[in-house]
Amino acid sequence: MILPIVAYGDAVLKKKAKEIEKDYPKLDELIENMYETMYGAYGVGLAAPQIGLPIRLFLVDTEPFSEDEDLSEADREQMKNFKKTFINAQILEEEGDEWAFNEGCLSIPDVREDVFRKPKIKIQYQDENFETHVEEYDGLIARVIQHEYDHIEGILFTDKLSSFKKRLIKGKLTNISKGKIKIDYKMRFPAMSRKR
């Protein structure tokens, strides 16, 4: 089932998400719905806060990047088969010299900006079966994970922009929160839900 994606301005996107237990109600169904929602919106990642749930759950499927002509053959190959569900994740280390990449977000449609992040991460998380893993990633995969991880920490990519950039996109962000935007996937807008 495709769920509405919560738009910029909703308080849930600014909350630090809570850990969940194995017996979280209908978890398998939730994960399945999140993948369906992400694919329906042509995303490469989706975090639970983006569908209104303040829990430490996000998923990543970088397959769309495997078509990107700007990436090296090795990078494209790596992107093709990377699909994972992260539960109760904690980034243990981030290292290297920060690099910029143009990021977007399903909760902030039509806004793309260069964001600086460190290239290497070490992350601990649980999979769908609540098995614990500690893994290291770098490059674009690390970046997608960092972006989704920020969501469960209550951080949006726009929070990482300079105050000058933030001023430039302020009007766009206000319009998004009011639903004054054309999108081809289901969304829930904070300013509109208050009127009801």
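For the structure itself, consult the block above.
Just so it is clear, the model here is predicted, and its values are computed rather than measured.

Cut-offs and rules
- Residues numbered from 1 in each chain as written.
- Predicted model: local features only at pLDDT ≥ 70, side-chain atom pairs only at ≥ 80, totals over all residues.
- Heavy atoms only, no water.
- Helix = DSSP H or I, 4+ residues; strand = E, 2+ residues; numbered from the N terminus.
- Rg over C-alpha atoms; globule rule 2.2 N^0.38 Å.
- Buried < 20%, exposed > 50% of the residue type's maximum accessible area, 1.4 Å probe, protein only.
- Contact = heavy atoms within 4.5 Å.
- Lys, Arg positive; Asp, Glu negative; His and termini not counted.
- Charge placed at Lys NZ, Arg CZ, Asp CG, Glu CD.
- Pairing = 2+ DSSP bridges.
- Axes fitted to C-alpha atoms, helices over the stretch in contact; angles between N-to-C directions.
- Core = buried A, V, L, I, M, F, W, Y, C linked by side-chain atoms within 4.5 Å.

Undergrad: Let's hear about the overall build of the chain: which residues, and what values?
TA: Along the backbone of the chain there are 5 helices and 9 strands. Listing every helix and strand of the chain by position from the N terminus yields β-α-β-β-α-β-β-β-β-β-α-α-β-α. A compact globule built from 196 residues should have a C-alpha radius of gyration of about 16 Å, and the chain, at 16 Å, falls within 12% of that. Burial statistics for the chain: of 196 residues in total, 47% are counted as buried. Look at the contacts in the chain between residues 6 or more apart in sequence, and 67% of them connect residues 24 or more apart. Separation between the mean location of the 31 positive side-chain charges and that of the 37 negative ones in the chain comes to 11 Å.

Undergrad: Any details on the sheet that holds strand E2 (residues 45–47)? Residues and values, ideally.
TA: In space, the 5 strands of this open sheet follow the order E2-E3-E4-E7-E8, with antiparallel pairing throughout. A single partner strand is all that each edge strand has here, and the edge strands are E2 and strand E8 (132–138). Sheet twist, expressed as the average angle between the axes of neighbouring strands with direction ignored, equals 40°. Pairing of E2 with strand E3 (residues 57–61) involves 3 bridges; the strand directions are antiparallel. Its bridge partner lying in E3, Leu46 is registered against Leu59. The strands that helix H1 (residues 27–40) touches are E2, E3 and strand E4 (83–95); relative to E3, the one it contacts most, it runs at about 45°.

Undergrad: So, the nonpolar core: which residues are in play, and what are the values?
TA: Grouped together as the largest cluster of nonpolar side chains are 36 residues, with contacts concentrated most on Leu27, Met34, Leu46, Leu57 and Ile108. Among the secondary structure elements, those contributing two or more residues to this core are strand E1 (5–6), H1, E3, strand E6 (108–117) and helix H4 (163–177). It is H1 that contributes the most residues to this core, 6 residues altogether. Core analysis: the second largest hydrophobic core is formed by 23 residues, Leu71, Ile121, Ile123 and Leu140 among them.

Undergrad: An account of the pairing of strand E7 (residues 120–126) is needed here, citing residue identities and associated values.
TA: As judged from the 6 bridges shared by E4 and E7, these two strands associate in the antiparallel manner. Pairing of Ile87 across the sheet is with Gln126, part of E7. Pairing of E7 with E8, which is carried by 7 bridges, proceeds in the antiparallel orientation. Its bridge partner being in E8, Lys122 is matched across the sheet by Glu136.

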